[in-house]
Amino acid sequence: MIEVSIVASELSQLKQQLDQTRLSHRDTTLKSRREILLLKRIILRFCAACKHHNGDLDKEIVELATSIEQVENTSELTVRIATFERLINRYKMDVQKEHSVMEEHISYCGETLQRVVGLPAGLKRDLRTLLQYPSQDGSKHIQRIVRLVELYERAIKFISVGKISSEINTNEIIDVDTQEQLSHELQHLISELDFDNTSGNKLLGIRNKLLTGVDAVSLIDLALQTLQLVLEGTNNERKASQAFVGDMNTQVAQIIKTSEQNQNQGQSYLEQRALLNEEYSLLIKQAEGVLESKSSEQEYKTKMAMLLSEMNDLSERNKAMQSREAALIERHEYTTKKLNNLYEETLEYRRQLSDQQQRVFKDPLTKVYNRAAMHERLDLEYKRWVRHQHSLVLTMIDIDQFKRINERFGHLAGDKALSIIAKTIENKVSDTDFVARFSGEEFLILFTETEKEERDKVLKAIQLAISKLPFKFKDDHVQITVSICSSEFTNSDIPEKVIKRSIDALYKQKSKGTEQFIYL
């Protein structure tokens, strides 16, 4: 009786478990169906969003949508969905190409509008802002195109009311601040160029004109001349490189051909030499046979005379071969010498390229690193700082009232002062520190892994040394001072932020007087 009760209890438990399993299976089935319906709905909406863009894609969308409506199990659609994915990726690449072309058209239209002489400064400023930030993914092309059309409309209205005439006030072409900025940027561009030919001399002439100050129309003309000279200088260097490489290829081809000929001739001479040796050996054996024979004296003389004649012939042939081998050796020595000269030429060319590369990163006036080199080094040190969190300090040094020196004594005096000050700064810092010319009268120092007390000592020494430099312009003794701002990288700092923070703080502090020293 007890066993029946136990069996009945176990059956009851099994029934309950079966009921729970059924309920769980029903819930799972319902959930799976809902998820399948949701997945189908999402795929159909995605297909609808992708329609009317590409013929092959539209055809696949229709077939995929039909299949989704007809099947219950989405796993059966795997192959078709994979095909659809490939078409989507191909369509994405086509769209990216279209975006690239669109961005080029926007830039071209904007640059075309910028070249219209006499447009208001505000319009050109808005146009520069529009072109300064291109769309990376094409998502803002429509807004940019609409904005560009608005600027074109403003320009047309400006032209239509007759505000542009042949007699344009040069002060209205570019506002003063923009003109000064463009002039400085053009000077820096010329300073970073390195052409040894006529283009280089003309570029230096343009830079001297910019230093003395030019109006807006002259600035535009000088910018166009600079562009033309850059293209001319680059083209000349490219032609020179092509000529050098072409000449190298010709000489190498000739050397290879000559070497192959010398090798073939050497092999031929080696074979001929082996034949001569064999003939010598044969004649020697014959002579030994004659000596051992018991021939008569007359017969002996006759045979020896014949052998001597053949030996003499072999000797003449050997001399001729020696002469040819000497000529071969001479040609080989000539080829070797030519190859060595070629090697020296390539080394010299490599040295010139290396020197040119160094000059590209050096400011030609002050001989310290230029702004391009500064950005490259700053980026490198910033990445090291992010990894290791060592001390990294950016220091800006600005010459006080430098414009007065240029205005009073001329730009040549200003250039001389810049060179001496740059040399003084470079002499005071250590070899591990980095010095660059940041702008016209501003220098930048990067201190890495240097204690604050040591940095302050160096910077105070720089400030004191510059103030004691014996500058003499036009028989006048002039004292030049500098203001310094040091800013240490902390927390989430980035190079651009630190540079801006240093410049803003330095100019704010300079309003209080000269020879300022601040630490952020």
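Residues numbered from 1 in each chain as written. Predicted model: local features only at pLDDT ≥ 70, side-chain atom pairs only at ≥ 80, totals over all residues. Heavy atoms only, no water.

Novice: Describe the overall build of the protein chain, and please don't skip the residues or the numbers.
Specialist: Looking only at helices and strands, the protein chain features 15 helices and seven strands. Excluding contacts between residues fewer than 6 apart, the proportion of contacts in the protein chain whose partners are at least 24 apart in sequence is 70%. Counting only carbon and sulfur atoms, one obtains 54% of the accessible surface of the protein chain, whose full area is about 33,900 Å². (Helix = DSSP H or I, 4+ residues; strand = E, 2+ residues; numbered from the N terminus. Contact = heavy atoms within 4.5 Å. Areas by Shrake-Rupley, 256 points an atom, 1.4 Å probe, with all protein chains shown as cover.)

Novice: Talk me through the pairing of strand 3 (residues 442-448); I want residue IDs and the actual numbers.
Specialist: By the criterion of burial, strand 3 is predominantly enclosed, with seven of the seven residues buried. The two faces of strand 3 match: E442, L444, L446 and T448 on one face and F443, I445 and F447 on the other face are all buried. Bridge analysis of strand 2 (residues 434-437) against strand 3 gives four bridges, and the strand direction is antiparallel. Across the sheet, the residue bridging to R437 is F443, located in strand 3. Between strand 2 and strand 3, which pair antiparallel one after the other, the connecting turn spans four residues. (Buried < 20%, exposed > 50% of the residue type's maximum accessible area, 1.4 Å probe, protein only. Pairing = 2+ DSSP bridges.)

Novice: Describe in detail the confidence of the model for the protein chain, supporting the description with residues and values.
Specialist: Mean pLDDT for the protein chain: 77, with 78% of residues reaching 70 or above. This stretch, residues 163-172, has a pLDDT under 50; its non-local contacts, to residues over four places away or in other chains, come to twelve contacts. (pLDDT = per-residue confidence, 0-100.)

Novice: Hey, could you go over the packing of aromatic side chains for me, with residue numbers and the actual values?
Specialist: Per the stated rule, a full pass over the model turns up six aromatic pairs. Ring centres of F409 and F473 lie 5.3 Å apart, and the angle between their planes is 45°; this geometry places the pair in the tilted category. Highlighted residues: F409 in helix 12 (residues 402-409) and F473 in strand 4 (residues 471-473), separated in sequence by 64 residues. Ring pairing ties together the aromatic residues Y382, W385 and F489, which thus form one cluster. Over the aromatic face of F438 sits the side chain of R371, whose NZ or CZ is 4.2 Å from the ring centroid. The ring of F517 has K460 sitting right over it, with the charged end atom 4.4 Å from the ring centre. (Phe/Tyr/Trp six-rings, centres within 6.5 Å; stacked < 30°, edge-to-face > 60°. Lys NZ or Arg CZ within 6 Å of the ring centre and 35° of its normal.)

Novice: I'd love a proper account of unusual backbone geometry, names of residues and values included.
Specialist: The phi angle of most residues is negative, glycine excepted, and most peptide bonds adopt the trans form. With a phi close to 50°, Q401 is a non-glycine residue in the positive phi region. Along the chain, the position of Q401 falls in the loop between strand 1 (392-399) and helix 12. Even without being glycine, N491 reaches a positive phi, approximately 50°. Taking the relative accessible area as the measure of exposure, N491 reaches 75% and is therefore exposed.

Novice: Mind laying out helix 8 (residues 198-212), listing which residues take part and the relevant values?
Specialist: Look at helix 8: 22 Å from first C-alpha to last across 15 residues, which is about the 21 Å you get at 1.5 Å a residue. For helix 8, the complete set of buried residues consists of S199, G200, L203, I206, R207, L210 and L211. All buried residues of helix 8 lie within an arc of 145° about the axis, which places them on one face of the element. Relative to its buried face, helix 8 has exposed residues pointing more than 90 degrees away, namely N201 and T212. (Expected span 1.5 Å × (residues − 1). Arc of directions from axis to C-beta.)

Novice: I'd love a proper account of the nonpolar core, names of residues and values included.
Specialist: Within the largest apolar cluster, 29 residues are counted, with the highest numbers of intra-cluster contacts made by I421, I425, F443, I445, I462, F473 and I480. Residue contributions to this core peak at six residues, all from helix 13 (residues 411-428). Setting aside its immediate chain neighbours within four residues, I421 contacts I399, F443, I466, L469, F471 and I480. If you look at the next biggest cluster of nonpolar residues, it comprises 20 residues, including A436, L444, L506 and I518. (Core = buried A, V, L, I, M, F, W, Y, C linked by side-chain atoms within 4.5 Å.)

Novice: Requested: an account of the pairing of strand 6 (residues 482-488), with residues and values cited.
Specialist: Of all seven residues that make up strand 6, six are buried, and the element is covered over most of its length. Pairing of strand 1 with strand 6 involves seven bridges; the strand directions are antiparallel. Looking across to strand 6, one finds that I399 is bridged to V482. Considered for its hand, the β-α-β crossover made up of strand 6, helix 15 (residues 495-510) and strand 7 (residues 517-519) is left-handed. (Right-handed = clockwise from strand over helix to strand, strands pointing away.)

Novice: An account of the packing of helix 12 against helix 13 is needed here, citing residue identities and associated values.
Specialist: Interaxial distance between helix 12 and helix 13 falls to 6 Å at its minimum, and their mutual angle equals 140°. When the interaxial angle is binned, helix 12 and helix 13 end up oblique. Together, F402, I405, N406 and F409 of helix 12 and H411, A413, G414, A417 and L418 of helix 13 make up the contact between the two elements. Its residues placed into classes, the contact of helix 12 with helix 13 shows six nonpolar, three polar and no charged. (Axes fitted to C-alpha atoms, helices over the stretch in contact; angles between N-to-C directions. Parallel < 35°, antiparallel > 145°, perpendicular 65-115°, else oblique. Nonpolar A, V, L, I, M, F, W, Y, C, P; charged D, E, K, R; others polar.)

Novice: Break down the side chain of N262 for me, with residues and values.
Specialist: Its location among the elements puts N262 in helix 9 (residues 216-292). Under the relative-accessibility criterion, N262 is labelled buried at 9%. A distance of 3.5 Å separates polar atoms of two side chains, one belonging to N262 and the other to R331. Beyond its immediate sequence surroundings of up to four residues, N262 is in contact with L328, R331, H332 and T335. (Polar contact = N/O pair within 3.5 Å; in protein donor to acceptor, adjacent residues only side chain to side chain.)

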